[in-house]
Each structure stands twice: as structure tokens, then as C-alpha cells.
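# Coordinates in review
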Amino acid sequence: MDAAGTLIVGAGLAGSALAMHLAEMGARDVVVADPDLAGARSSSQLNAGGVRATWWRPVNVELCAATIDELARHRERVALRQRGYLWLHGPERWAEAREHVALQNRFGRDVELLTPAEVGRRWPFIDRLDDLAGATFSPHDGLVDPNAVRELYRERARAAGVLFLDRLLLTAVRTEDGRVTGASLTTVDAEGADAALRGGAPEGAVTEVACGRLVNAAGPWASRVADLIGVPVPCRAVPRQICVVGTRDVDLSHDGMIVDASDVYLHHEADGMFLAGYSPPGDPPAYSFDYEGRAFFEREIWPRLAHRVSAFDRLEHLRGWTGLYELSPDNSALLGAVPGREGAFEIHSFSGRGVMQSWAAGLALAELMETGAHRTFPSAAALSGARFDGGELQPEELHI
Ligand SMILES: Cc1cc2nc3c(=O)[nH]c(=O)nc-3n(C[C@H](O)[C@H](O)[C@H](O)COP(=O)(O)OP(=O)(O)OC[C@H]3O[C@@H](n4cnc5c(N)ncnc54)[C@H](O)[C@@H]3O)c2cc1C
């Protein structure tokens, strides 16, 4: 392959959704390149699978709500379980949480406000309620199988003519007069891909590809790809750990996501097992996948869970993993044309929202690329990366 109409860099949920929408809108010669199509280090493979539309900025509520509604049309295939998000709040955050419910409900989310006593009645295992001020319950939110979502996008993209190329890493971008004209793709084996995604320098044969359009969909590696494009972005990759926990006392199989006031989140995983995560504030950026194991569980997860649920005094740490969050300065994604570089586009830094926004974000960028305007979601204009150069920021809560 020596030429592409559109070269998408990164085949995670963002790159795959964009490729699907572009091809279904009639774009030809769409090519997606990734050093590891299986995505072993990609965030699309290592996340918690939560989908919710209870955000604070209209654009984030709208893109999430539209994606959840679309995934509901493929409910069985993507294992969508709309069992809700129960979010517990202490007094310090309760007023702020309540304030945004009207916005969320304007998008048809039917979010309920609950007293601590109501929480105790409806979720009897949550029995340590003293320090709570209230809770929200958003019934249309829930859990999904992110791999199945990505495969759905890829299948439709391939059926519409998209070519997915494995074991290729973007290592240079060519420009002429400020316009993207081509890219260098370095061939890597499995080991080389892993080393490169951990920050190493790749070695391998280089293929030069001419392209009219290039899209940065490289998730946590987007700032590296942006450097190659020549327009740096202020985004960073931060490791986040998730534990798989055993319990014989509490059955969470009828619940969706539960978020504690302490910012620990948990949801049912399999019989006698749940998944629990916590994001320590201030953790430094790194391309690291090291998992601390039992030490992380005992320091960050267990004390917070046991503080809320007496049956969680008895829990067993089973295993876990680390994936990378891709954070922007205001915790909202970058989506649009790359400022000052004709032919370059970006869709990345979802800040923990990349599963739940994937379908709508891909559509928003595809429409911009094909028609020159945001048509279905005019609000997506707010996510242009140009906002970090004096525009209106889209600050978003990020407690998990
Ligand atoms: C622990 C954890 C929990 C999360 N929980 C949730 C959740 O519950 N709900 C939710 O919506 N989101 C969640 N997220 C966030 C979500 O996973 C991401 O926002 C989403 O997967 C981002 O998708 P992406 O396609 O942008 O990036 P990725 O899936 O990371 O894909 C980027 C791809 O780019 C490729 N790449 C990198 N460099 C290059 C290069 N130079 N050339 C070519 N390809 C390259 C990589 O190999 C990778 O496959 C979570 C994330 C983590 C880490």
C-alpha cells in the first residue's frame, strides 16, 4: 500500500468508529493503521465498560446519550445492560451533582434524586450511609462489552471498504506548505509494538504512504502523534488500575455501575466477582502498565468499599490490570480539524469517556470531514482543539 485517501492512525474505538462512519458516508480509500489491531495495550481493551450520559457539559451529555441510544439498537451483540448508574454523594459534592440533573434530563435521561434512606431501602447491602448527603440514579446508563462495540464498528467499516492494517506504527508525517501529504509507517512485530507503546523507539522497515487526509486517533499516544504532525497538544496518558474482587456475600448481578462518594466505582463481573477501580488524584503521566496488585487493592479499594458496605469487610483480591487514561486539560475530548495543519484531523483524549462517546464522536468528525460542518451534533464544535488557544474550555467533572 503506497497511498490512502484518508489514513487513520489508531484502530481503537475512536479510529474504528470514525472509519465506519466515513466509509458508510461514501468516503473511498480509508485505511486504518495500528501496531496492534488486537489492542492489548489500547484503552479500548483495558477499560471498565461503563456507559453513562450524566455529565456536566451539554456536548458530553449529548454525545454519550446518542451513543448509548445507538448501542441499544445492538443490545444483544454489544451486551448492553442498562441497569443504571447509582452515584453516592457526600455533602461537599451534593449541591454540584444536583445542579446538573436538569441538564441531563433535558436529554431524556430520567435521572432520579435519592435520599440516603432511599438508597438503603433500594440497595439494602449499602448499609453504612451516615456520611452521605444524597445520590443520583440514572436508569438508562449501564455496562457494555467494549470489545464487542469495537468489533461491530470494524465489521461495518470493513463491509463498507475500509482497510485495517496491523503491525504498522506511524513514525513520521510529511507536509508541504502546511498541508499533510504523507506518512511513514514502520513495520513492527508483536514485541516491537509493545516496546513502542511503552515509549521505546521502534525499529523496522519503513513504508512511505501518500495521503490526502490524516487523522490522529491514537488515544493515550495522541500527544506523540500530534508532535509528528507538528502541532503539539496539551494531553497526557495516566495509568489507571482496576481490580477484580471476589465476594461471597453480595450479589451485584442485578445492578449497573455503583460509584461511591469516595470515588471508588464497582460493577458485577461474573458469579461471585466484581470489578472495582479508583483513580488517585495527582498520579503522574507515564506509559506504564505495571499493576501493583494486592497492595493497590488494600491501600485504595478495600478501605473505601468497607467504609460503605459492612459485607465488604470480607473481600478477596483476585487479579487486576492497568490501562491508560488519555486526559486533556479540561477533561473533554479533542475532536475536529487540527488547527493550522490542512488535511490533519484529530479524535482523541476522551478523558475516560471513549467507549460511551465513540459512536457519536465518530459520526461528528466524519460529517465534519466529508461535509465541512457538524450536522447531527452542532455542539461537537465545542470540542475543537483550537479551544486551548484562547477559546471556551469544556471543563468536565472527572471523579472516576
Ligand atoms: C482503567 C480504565 C477504565 C476506563 N473506563 C471507561 C468506562 O467505563 N467507560 C468509557 O467510556 N471509557 C472508559 N475508559 C476510557 C476509554 O477506554 C477510552 O476513552 C477509549 O478506549 C479510547 O479509545 P481510543 O480509540 O481513543 O484509544 P485506544 O483504544 O487506546 O486506541 C488507540 C490506538 O492507537 C494505536 N497507536 C498508538 N500510537 C500509534 C502510532 N504511532 N501509529 C499507529 N497507531 C498507534 C494504539 O496501538 C491503539 O490501538 C477507561 C479507560 C481506562 C484506562
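Quick note: structure is the one above.
Residues numbered from 1 in each chain as written. Predicted model: local features only at pLDDT ≥ 70, side-chain atom pairs only at ≥ 80, totals over all residues. Heavy atoms only, no water.

## Comments concerning the layout of surface pockets
Each pocket or cavity is described by its volume, and for the second largest pocket that value is around 230 Å³. Contributing to the lining of the second largest pocket are 15 residues, with Asn47, Ala48, Val144, Pro146 and Glu269 lying nearest its centre. Mapped onto the lining of the second largest pocket, the elements with two or more residues apiece are α7 (146-159) and β14 (265-270). For the lining of the second largest pocket, the element with the most residues is β14, which contributes three residues. (1 Å grid on protein atoms, 1.4 Å probe; cavity = no way out; pocket = protein on both sides within 12 Å on 5 of 7 lines; lining within 4 Å. Points joined across faces, edges and corners; volume = space filled by probe spheres on them. Helix = DSSP H or I, 4+ residues; strand = E, 2+ residues; numbered from the N terminus.)

## Topic: the side chain of histidine 267
Considering the arrangement of structural elements, one finds histidine 267 in strand β14. Judged by its relative accessible area of 4%, histidine 267 falls in the buried class. Only 2.9 Å separates the side chain of histidine 267 from the backbone oxygen of alanine 48, close enough to count as a polar contact. With near-sequence residues (within four places) excluded, histidine 267 lies in contact with Ala48, Leu143, Gly256, Met257, Phe274 and Leu275. (Buried < 20%, exposed > 50% of the residue type's maximum accessible area, 1.4 Å probe, protein only. Polar contact = N/O pair within 3.5 Å; in protein donor to acceptor, adjacent residues only side chain to side chain. Contact = heavy atoms within 4.5 Å.)

## Points about the packing of helix α1 (residues 13-24) against helix α11 (residues 358-371)
Here α1 crosses α11 at 50°, and the two axes come no closer than 8 Å. Considered as vectors, α1 and α11 are oriented oblique to each other. For the pair α1 and α11, the crossing hand works out as right-handed. Residues Leu13, Ala17, Leu18, Met20, His21 and Leu22 of α1 touch α11, and the partners they reach there are Ser358, Trp359, Gly362, Leu363, Leu365, Ala366, Met369 and Glu370. Taken together, the residues of the contact of α1 with α11 sort by class into ten nonpolar, three polar and one charged. (Axes fitted to C-alpha atoms, helices over the stretch in contact; angles between N-to-C directions. Parallel < 35°, antiparallel > 145°, perpendicular 65-115°, else oblique. Left-handed = near helix turned anticlockwise from the far one by under 90°. Nonpolar A, V, L, I, M, F, W, Y, C, P; charged D, E, K, R; others polar.)

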